[in-house]
Structure formats: structure tokens, C-alpha cells
Amino acid sequence: MTPDKIIVIFLGFVGIGFTYWYFLMKKDNAVEVESSVDIAVDGGYSPNTISIPKGKTTTLIFLRSDPSSCLEEVVLPDFKIRKFLPLNKKVNIEITPKESGTYEIVCGMNMFHGKIIVN
Amino acid sequence: MTEVKKSFPIKGMHCASCVRVTERALKKTLGVKDAVVNLASEKATVTYDADNCTPQQLAESIAKTGYTLELEEKTDTAIKEEKRKELRNLRNKVIVSLGLGCLILWGSFPGLIQTSPAFLQNFFVQFILAIPVQFWAGFAFYRATIPALKHRTANMDTLVALGTTVAFGYSAIVTLFPQFVKQAGIEPMPYFDVATIVIGLILLGRYFEAKAKGQTSEAIKKLIGLQAKTARIVRDGKEIDVPLDQVLVGDTVRVRPGEKIPVDGVILEGESSVDESMITGESIPSDKTKGDTVVGATMNKTGTFTYKATKVGGDSMLAQIVKLVQEAQGSKAPIQRLADIISSYFVPIVIMLAFVTFVIWYVFVGSLLLALLSTVAVLIIACPCAMGLATPTAIMVGTGKGATNGILIKDAASLETAHKINTIIFDKTGTLTNGKPEVTDVISVNKLKEDEMLRLSASIEKGSEHSLAEAIVKEAEKRKMNIESVTKFKAIAGHGVEGLVGKYQIFLGNRKLMEREKISLLSVNTEITRLENGGKTVMMLAVDGKLTGLIAVADTVKESAKEGIKALQRMGIETVMITGDNQRTANAIAQKVGITRILSEVLPDQKEAEVRKIQAEGKKVAMVGDGINDAPALAAADVGIAMGTGTDVAIEAADITLINKDLQSVAQAINLSKKTMRTIKMNLFWAFGYNIILIPVAMGILYPFFHILLSPIFASVAMASSSVSVVSNSLLLKRVKI
């Protein structure tokens with residue numbers, strides 16, 4: 001086997017390993033939220049994971065600056081909410097979780113994900 | 001004074017002092033009672049006297065401080081404008097990129113190259129033509145990829161950005177450093193056509209997808225659009241036109257022929273026929289007279305009437321329907337779970353497969369060019385969007401179609417379960433029958449006269465809420481009888497009532513009540529059987545421990561019942577009737593509507609247990625009831641269907657609400673669920689199958705056997721059409737007959 005092929009195999013493994021580590025092994029740190037939180041929508045949701053109290057109303061204020069059509073809608077399926085996020089315009093979503101657990105925030109095409117942890 | 005509380009968006013605020021300034025300006029405005037400004041939501045909530053202050057005046061006060069108060073929530077208009085802009089933008093980019101891409105293709109594609117002008121064959125010209133496509137038309141891909149990568153996430157844009165950058169980057173190196181490439185033993189041949197045409201085609205796919213996606217939520221827009229803009233209300237003897245949001249509960253509203261009814265209410269005076277098809281799906285107009293309810297957004301046809309507003313704004317039936325449909329469209333169907341899991345790993349896996357493809361082609365075939373082209377094809381052909389769109393678009397169209405036919409579906413899970421239903425239990429009273437029983441026979445068995453029997457019965461039933469009691473009281477009122485007051489009244493669930501009317505101790509109820517009180521029915525058994533065989537409910541009256549007579553009450557079967565049941569039986573669904581009536585009465589009614597399995601003499605609190613019993617037989621059970629009395633049974637069933645008029649209680653308790661009370665809608669609802677699920681399954685099959693089959697083809701799996709290798713351009717055609725086809729397939733649901 002020629003050296004260039006060995007290098008390609010090596011780089012291929014490095015690429016696969018890096019992709020796995022970069023995308024599939026990330027850990028989210030939950031941001032504690034009391035009554036309201038600003039969520040930037042740009043290549044995903046930031047903060048991506050929020051922790052909110054049970055039984056209290058929390059306002060999630062979404063501001064989308066990403067023109068990608070993937071993120072134009074935000075869906076909170078457990079709360080039966082699907083909202084269009086106009087570009088550069090704040091959209092308030094109020095939720096009052098009645099039970100503890102982890103709920104998801106997803107984009108309209110189900111490609112971007114965030115988490116709401118209710119304690 | 002007409003106090004109004006309303007929220008207005010305020011533009012231009014940056015800090016807490018802006019809040020103070022705007023709040024003060026609003027509070028100083030004449031007629032404003034209170035104003036609260038929220039910086040986070042950029043909204044002012046103002047309570048003001050609508051007689052002395054208008055939103056226009058509020059806007060003027062805010063304008064003086066240098067900020068802007070927007071009079072209307074322009075979200076809908078803003079969304080529409082944004083969508084229009086997006087489509088225009090996409091169209092321009094498609095034209096430019098496909099135009100330039102075709103020129104490059106003409107100058108580089110074998111077979112076409114001979115017919116092209118010489119300058120188009122020049123690599124530098126191709127390079128310059130490709131730059132605007134890659135970095136202007138394709139900017140959206142980079143714009144989405146970079147922040148996503150920062151968050152360690154990736155989506156379809158990442159794949160397109162990676163794929164076209166590889167093709168463009170390789171071609172740029174070949175063009176700018178041909179010697180370097182030659183030294184590596186590769187013929188310097190650029191592939192700008194691949195990068196440009198791929199971008200053009202994917203944008204074209206997005207253009208069609210955006211157009212189609214806009215139509216999936218059309219039902220809600222249509223429903224909102226039904227609303228009247230103004231209402232003519234009568235205040236201080238004068239008729240004035242006011243905007244819809246200024247109509248208050250208790251206002252008297254006048255509606256003339258051909259006008260839309262602005263808000264929900266009860267007719268005070270006049271009569272008319274009203275077209276309610278927009279809410280109920282029922283095409284025949286219904287006649288309305290004094291005391292009848294009218295629903296906002298329906299159309300008055302012939303007469304003029306005044307009515308009292310009972311529900312306005314968010315409480316109105318239309319607002320509730322819109323809210324329910326919006327909620328259903330925001331919910332997730334359980335079938336989506338698998339697609340969810342796969343799509344969360346999909347893009348990283350495709351990137352890993354692209355690495356594998358490159359390594360295999362380079363190492364085993366030894367061609368850098370084929371390795372690059374196959375890698376680009378893998379990145380381009382993968383389409384996670386189709387998987388993401390498969391379920392929600394069908395749910396959106398399905399729930400929307402339901403709403404326009406008077407079928408309100410609570411959430412996606414209910415819509416999904418409904419297609420598996422194989423047994424439907426119908427409550428009798430109010431569901432199979434009109435729920436308005438009338439007294440048909442009053443039979444005395446001793447010296448007490450029939451009129452006196454009816455008077456005593458009406459007196460004791462006055463305090464009861466049962467529909468049979470209502471029939472007796474109504475009959476007594478019709479005969480202008482003097483109803484006495486009752487003491488020691490007691491309703492015994494599933495039995496009847498007891499109490500003291502004057503000096504008499506009265507028991508009125510069914511056989512069970514008489515058995516309990518040890519009153520013999522031997523002398524009237526034949527008579528009871530005769531009445532019950534006619535589908536009548538017989539109540540026995542006992543005065544001071546002695547049987548005095550029988551009162552028979554009958555309810556009329558709904559016109560739609562027989563056809564509705566037949567439609568379900570044709571679908572292979574077993575129909576069951578549940579009732580508190582005794583077996584003979586139940587049999588008579590069931591025979592009229594065509595039901596063979598009957599659960600009779602079921603006490604109200606046993607209905608839930610009966611539902612569970614049938615479920616234990618392994619059946620998927622739907623319960624159809626009126627949504628108020630049957631709430632536990634509706635909740636216990638796999639799918640609870642309420643024949644409601646859109647009241648809060650009915651909507652809350654049921655998975656599906658049939659606003660038109662038409663029994664044929666039950667079969668329609670099941671059919672809608674079946675059709676929607678078929679669309680979802682087709683979409684998922686296509687979206688999964690597409691990726692499972694075409695990704696290996698792009699990797700070159702067919703090459704060793706047939707020498708077939710997928711060009712990245714064909715990959716982009718397939719990719720662009722996959723999500724469009726999924727959305728279009730969902731839109732086909734609009735046309736199906738349910």
C-alpha cells in the first residue's frame with residue numbers, strides 16, 4: 001500500500017472519529033430559569049437546555065436571526081405549541097409545566113433540538 | 001364607560017428607562033386607566049376607556065416620546081411579507097445559479113462542449129461565473145452552517161455547504177494551480193458545473209417546498225379569515241358600528257340579511273335562517289328563533305334579528321376552534337418517534353459515510369476524482385428534511401381538513417389512534433337520539449286522575465336535571481298545570497327520584513326504584529312491556545307506597561343515525577349502544593338504528609367500566625357521547641368522541657369533537673384518520689426508502705456490478721424533489737373524500 005493511501009485511511013478514521021465526537025458526544029449544560037429566558041435562534045437554540053420550575057409560568061422569548069427555513073418554526077410538542085418565528089422579531093411563548101420531566105424544543109423540520117428540564 | 005384592556009407592540013425600546021418613558025406617556029393620555037410596558041416582550045398592556053380614548057391617541061402619545069406603538073399585531077402581515085420576500089429571493093437565486101450553471105455546463109460537458117463558444121470553455125471564465133453562485137446564491141447554506149457548527153449541531157445546510165465547497169474548492173485548485181495537479185498525475189479538470197447546478201437545483205427544490213408548505217396551514221388562515229370585521233351594536237337606543245374587539249358580553253347586536261354574525265350569542269328578537277357550514281360543515285342552513293344560540297362567523301341568510309352577545313374574543317367558538325386546531329398541529333404523533341430518533345443522528349452519520357466513501361474509492365479504485373465526486377454525491381443526496389416533514393405536514397393538512405368539516409381533533413396522537421378503532425360505543429340519549437324526550441303516555445292504574453299524576457310527577461322532577469325529568473316538566477307546563485314545591489328531594493342515580501309534594505310521599509323512577517321500595521309491578525307488567533317494545537322509557541309513579549300509574553317518555557332517533565351506523569359497519573367496525581334504559585326499550589331503539597350489540601341498564605358511573613370491559617376483549621374502542629355526562633367513559637376509551645356544540649367541557653373531555661352533531665361524521669373522522677395515517681406512512685416510507693436506497697448508490701455500491709455511478713447533479717435533482725414530493729403528498733389529503 002502506498003504512503004498516500006495509508007495517509008488517506010488514517011485521515012478518514014480521524015475524520016469519522018472527530019465527527020462522532022463533535023456532533024454526537026456533546027453535553028448540554030442546563031441554564032436555570034426563573035420566570036423568563038431569551039433564547040437566540042441561530043444555528044440552533046441558545047441556551048439549548050433550560051431548567052425551569054414545575055407549576056410556574058415561564059416565558060420563553062425566542063429571537064430568530066438565522067434565515068434558514070429549517071428554524072422558521074419552533075415546536076414544543078408536549079405543550080402543543082407550533083409557532084412561526086419571524087426573522088429578528090421576538091416571539092413570546094408561555095408554558096406552565098404541570099409535571100416534572102424533560103420536554104423537547106424542536107424546529108419545524110425536526111433537525112434542531114433543545115431541552116426543557118422541569119424540576 | 002367602556003373599559004378595554006389591550007396589548008400593543010412598542011418598537012425602539014432598549015432599556016428600563018425606555019419602559020418608564022413609554023409607561024408615563026401612556027398613563028398621561030386621557031382615558032387611560034393603567035399601562036404596563038414589558039421590555040422583554042416589547043409590548044404595552046393598556047387599560048383604557050374606549051369612550052374617551054382610541055388606540056390612535058395612544059399611538060400619538062408614544063410617537064411624541066420617539067418610540068412607535070403599533071396599532072395592530074402585524075404578525076400575520078409580517079409573516080406573509082417575510083414569506084413573499086423569501087420566495088422572491090429564492091426565485092432570483094434559482095434563476096441566476098441555474099443560468100450561470102447551464103453556461104458552465106455548456107462549456108464543460110462532453111457532447112455539448114463542441115457547440116459552445118470558446119470563452120465558455122475557459123476554466124477561468126467558469127471560475128468567475130461560479131463565484132456568485134457559490135457565495136451569493138449559496139450564502140444561505142454557509143449562513144446556516146457556521147452557527148450550527150458552533151453549537152455542535154448539523155443539518156441539511158451543513159451537508160450542502162460541505163458538498164458544494166468540496167466540488168468548488170477542488171475545481172478552484174485545478175483552475176488556479178493546474179501544474180500542481182498535473183504533477184500529482186491527475187488531469188486538471190474542474191467541476192464548477194457540479195457546484196453551481198447542485199446549488200441551483202437545491203434552491204429550486206426549496207422554492208417549491210416553501211410554496212407547498214405555505215398551503216399546509218391554510219385551514220387555520222381560512223378559519224381566522226371567517227371572522228367579521230365589525231359589529232352593529234345597540235347602545236342607548238342607537239345602532240353603531242364598532243370593531244369586533246370592542247363588542248362586550250351583554251351587548252345587543254343587530255344582524256341584517258346577508259351579514260356575518262359577529263360574535264356568539266342568544267337571539268332576543270326576530271328569526272332567520274343561518275348558514276353554519278363554515279363552522280359545522282353542515283350545508284343546510286338552520287332556522288333560528290328567539291332563545292336559540294348563534295355562532296360568530298356564521299352567515300345570516302334571510303331575516304333580521306337582535307341578539308345578546310354571550311361570548312366574545314378568545315372565548316368565542318371560532319377562537320376555540322382555531323386554538324384547538326393550532327394545538328393539534330403543534331402536537332406530535334407517536335408514529336413520528338422513529339423518524340425523530342433517526343433524524344437526530346442522521347447528518348453526522350452521513351458525514352461519516354462521506355469519509356468512508358472517499359477512503360474506499362481512493363484506496364481501492366485509486367482515483368482521487370471519483371473519490372471526490374462520490375463523496376460530494378453522498379453529501380448532496382442525503383435528505384433529512386423529507387423525514388422531518390413526513391409526519392407534521394400530513395397532520396397539519398389532516399387536522400385542517402377535519403376542522404373545515406366540523407371535526408375537531410384534539411391532538412396528533414388522537415388522530416393516529418382513531419385509525420385503529422374497531423369498536424365504537426354510542427351513548428343513546430343525546431347521541432343516537434335527539435336528547436329531547438317527550439311524554440307520550442300517562443296511564444293511571446288507580447283512582448288518581450292522569451292530570452293529577454302528571455302534576456305530581458312534574459312537581460317532584462322540577463328539581464332534577466335528567467332529560468326525562470325535563471320532558472315531564474315541559475309537558476306539565478304545556479298543559480298549564482300548577483307545579484308545587486317539593487321537600488326532602490333526593491335523586492337516586494340510575495333509579496329515579498323521591499320527595500314530598502304537599503302531604504304525599506312520592507317515588508318516581510324505573511323498575512329498580514320500585515324493587516327497592518318493594519312496590520309490586522305485577523298488575524302493570526304487560527303494559528310496561530308493550531310501551532318498552534315501542535322504544536319508550538317507562539317511569540312508574542308511586543304515591544304513599546302504592547303504585548298509581550305509568551308515564552312513558554320517548555326520544556326521537558336522529559336522522560343521521562341509521563346512515564352513520566351503516567357507514568361504520570361497512571368499514572368493518574362493530575357498533576355498540578350503551579344506555580341506562582332497560583333491555584326492551586334499548587332493543588327497540590337499537591333496532592331502529594341498526595345496532596345489534598346492546599349494553600342496557602348501565603348506570604352512569606358504570607359506563608366507564610363497560611368501556612374497559614370491551615377493551616379487555618382486545619378491542620380498540622371509541623366512545624361517542626355528549627361530552628358532559630360521559631366524561632369518564634370518554635376518557636377511558638382509546639378515542640373519546642364528543643357530539644358537542646363546541647362547549648368548553650366537550651372539547652376538554654374528548655379526543656375528537658363533532659361540532660355538527662351529525663352521526664355520519666363519526667365515520668368521516670375515522671376515515672380522515674385512516675387517510676392521514678396512510679399519507680404519513682407513504683411519506684415515511686418514501687423518506688426513509690429514499691435515503692436507505694440512494695445513499696449507498698451515491699457511495700458507489702452499483703459500480704462494481706453495473707459500472708453505475710451517481711453524478712452529484714442527479715443527486716441534487718433527487719434531493720430537491722424528495723422533500724417537495726413529501727409535502728405535495730401531504731397536500732393531496734386536502735382533496736380526498738372523507
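The numbering scheme is per chain: residues are counted from 1 as the chain's sequence reads. Lettering for chains starts from A, numbering for ligands starts from 1, and both go in the order in which the items are written. Owing to the predicted nature of the model, reporting of local features is limited to residues with pLDDT of at least 70; listing and counting of side-chain atom pairs is limited to 80 or more, with chain, interface and lining totals taken over all residues. Side-chain measures were taken over the full set of non-hydrogen atoms in the model, leaving aside hydrogen atoms and water.

A. Molecular detail of the overall build of chain A. Helix and strand counts for chain A stand at one helix and 10 strands. Think of it this way: any DSSP run of H or I at least four residues long counts as a helix, any run of E at least two long counts as a strand, and we number them from the N terminus. Counting from the amino terminus, helix and strand elements in chain A follow one another as α-β-β-β-β-β-β-β-β-β-β. Our radius of gyration looks at C-alpha atoms and nothing else; its globule reference is 2.2 Å times the residue count to the power 0.38. Taking 2.2 N^0.38 as the reference for a compact globule, 119 residues should give roughly 14 Å; the C-alpha atoms of chain A span a radius of gyration of 19 Å, well beyond that estimate. Principal axes of the C-alpha set define a box for chain A whose edges measure 65 × 30 × 20 Å. Classification of the 119 residues of chain A by burial places 51% in the buried group. Sequence separation of 24 or more characterises 50% of the internal contacts of chain A that already satisfy a separation of 6 or more. Note that accessible areas follow from Shrake-Rupley with a 1.4 Å probe, and for residues the cover is restricted to the protein chains shown. Accessible surface computed for chain A: about 5,700 Å², of which carbon and sulfur atoms make up 57%. When charges are counted, Lys and Arg are positive and Asp and Glu negative, with His and the chain ends excluded. Here the site of a charge means NZ on Lys, CZ on Arg, CG on Asp, or CD on Glu. Of the charged side chains in chain A, 13 are positive and 13 negative; the average position of the first set lies 3 Å away from that of the second. Whether a residue is buried, partly exposed or exposed follows from its accessible area with a 1.4 Å probe, protein chains only, as a fraction of its type maximum: under 20%, in between, or over 50%, in that order. Two residues qualify as a contact provided that any one of their heavy atoms is within 4.5 Å of a heavy atom in the partner residue.

B. Highlighting the interface of chain A and chain B. Counting residues at the interface gives 50 residues for chain A and 52 residues for chain B. Buried area: the accessible area, evaluated with a 1.4 Å probe, that two parts lose upon being put together, summed over both parts. Around 4,400 Å² of area is buried between chain A and chain B when both sides are counted, 61% of it from carbon and sulfur atoms. What counts as a salt bridge is simple: a side-chain nitrogen of Lys or Arg found within 4 Å of a carboxyl oxygen of Asp or Glu. Counting every contact that joins chain A to chain B gives five salt bridges. One salt bridge connects lysine 332 of chain B with glutamate 104 of chain A, and the closest N-O pair in it is separated by 2.5 Å. The definition of a polar contact used here is a pair of N or O atoms within 3.5 Å, where within protein one atom must be able to donate a hydrogen and the other to accept one, and adjacent residues in sequence count solely through side-chain atom pairs. For the pair chain A and chain B, the interface holds 17 residue pairs in polar contact (both at pLDDT 80 or more). Here the term charged refers only to Asp, Glu, Lys and Arg, the term nonpolar to Ala, Val, Leu, Ile, Met, Phe, Trp, Tyr, Cys and Pro, and the term polar to all other amino acids, Gly among them. Classifying every residue of the side of chain A that touches chain B gives 25 nonpolar, 13 polar and 12 charged.

C. Structural context of the nonpolar core. By nonpolar core we mean a set of buried residues, namely Ala, Val, Leu, Ile, Met, Phe, Trp, Tyr and Cys, connected to one another through side-chain atoms within 4.5 Å. Counting 144 residues, the largest nonpolar core has Tyr45, Phe62 and Ile116 of chain A together with Ile424 and Phe426 of chain B as the members making the most contacts within it. It is helix H26 (residues 664–699) of chain B that provides the largest number of residues to this core, a total of 14 residues. Dropping the residues within four chain positions of it, isoleucine 424 of chain B is found in contact with Leu568, Ile573, Glu574, Thr575, Val576, Ala622, Val624, Val666 and Ile670 of chain B.

D. Spotlight on the sheet that holds strand E6 (residues 73–76) of chain A. Judged by pairing direction, the sheet is mixed, and its six strands sit side by side in the order E1-E4-E10-E9-E6-E7 (chain A) without closing on themselves. The open sheet terminates on both sides in strands that have one partner only, identified here as strand E1 (31–32) and strand E7 (81–84) of chain A. Here the rule is simple: two strands pair whenever DSSP picks up at least two bridges between them.

E. Summary view of the confidence of the model for chain B. Think of pLDDT as the predictor's per-residue confidence, scored from 0 to 100. On average, residues of chain B score 87 in pLDDT, and 97% of them reach the 70 mark or higher. Across the assembled chains, the prediction reports ipTM 0.86 with pTM 0.79.

F. Structural detail: the side chain of serine 716 of chain B. Residues and elements named next belong to chain B. Locating serine 716 in the fold gives a position in helix H28 (residues 712–731). With a relative accessible area of 0%, serine 716 lands in the buried category. Among the polar contacts listed, one links the side chain of serine 716 to the backbone oxygen of isoleucine 713, at a separation of 2.7 Å. Ignoring sequence-local partners within four residues, the contact set of serine 716 consists of Ile197, Val198, Leu201, Ile202 and Ile380.

G. View of the sheet that holds strand E22 (residues 574–578) of chain B. Residues and elements named next belong to chain B. Spatially, the seven strands line up as an open sheet ordered E14-E26-E25-E24-E15-E22-E23, and their pairing is mixed. Looking at strand neighbours, the two that pair on one side only are strand E14 (407–409) and strand E23 (597–599), the edges of this open sheet. The average angle at which neighbouring strand axes cross in this sheet is 20°, direction not considered. Across four bridges, strand E15 (residues 423–427) lies against strand E24 (residues 621–625) in parallel orientation. Residue phenylalanine 426 lies in a different strand from E24, and its bridge partner there is valine 624. Each axis is a line fitted through C-alpha atoms, taken for helices only over the stretch in contact, and angles between the N-to-C directions span 0 to 180 degrees.

H. Layout of the packing of aromatic side chains. For this analysis, a ring pair means two rings from Phe, Tyr or Trp (six-membered ring only for Trp) whose centres lie within 6.5 Å, classed as stacked if their planes differ by under 30 degrees, edge-to-face if by over 60, and tilted for the remaining angles. One pass over the full model with this rule turns up 17 aromatic pairs over all chains. Centre to centre, the rings of tyrosine 45 of chain A and phenylalanine 62 of chain A are 6.2 Å apart; their planes meet at 80°, and the pair counts as edge-to-face. A residue pair is termed long-range when its members are at least 10 positions apart, and tyrosine 45 of chain A in strand E3 (residues 45–46) and phenylalanine 62 of chain A in strand E5 (residues 58–64) qualify at 17 residues. According to the relative accessible area criterion, tyrosine 45 of chain A is buried, its value standing at 0%. Taking relative accessible area as the criterion, phenylalanine 62 of chain A reaches 0% and is therefore assigned buried. Between phenylalanine 135 of chain B and tyrosine 142 of chain B, the aromatic rings sit 6.0 Å apart at their centres with planes inclined by 15°, giving stacked as the arrangement. The exposure class assigned to phenylalanine 135 of chain B is partly exposed, which follows from its relative accessible area of 45%.

I. Up close: the pairing of strand E4 (residues 49–52) of chain A. Residues and elements named next belong to chain A. Burial along E4 is two-sided: the face carrying Thr49 and Ser51 and the face carrying Ile50 and Ile52 are both buried. Pairing analysis gives two bridges linking E1 to E4, with the strands arranged parallel. Residue glutamate 32 lies in a different strand from E4, and its bridge partner there is serine 51. With four bridges joining them, E4 and strand E10 (residues 113–118) adopt parallel strand pairing. If you follow threonine 49 over to E10, its bridge partner there is lysine 115.

J. Main features of the pattern of salt bridges. Considering all chains together, one arrives at 38 salt bridges over all chains under this definition. A salt bridge links glutamate 72 of chain A to lysine 213 of chain B, with the nearest nitrogen and oxygen atoms 3.5 Å apart. Here lysine 213 of chain B lies in helix H8 (residues 192–216) and glutamate 72 of chain A lies in the loop between E5 and E6, a pairing that spans two chains. Comparing glutamate 72 of chain A with lysine 213 of chain B, the two get one shared label, buried. Note that glutamate 563 of chain B is salt-bridged to lysine 566 of chain B, the shortest N-O span being 3.8 Å. A residue pair is termed a helical-turn pair when its members lie 3 or 4 positions apart in one helix, as glutamate 563 of chain B and lysine 566 of chain B do in helix H21 (residues 561–570) at three residues. The class for glutamate 563 of chain B is partly exposed, based on a relative accessible area of 36%. Judged by its relative accessible area of 39%, lysine 566 of chain B is partly exposed.

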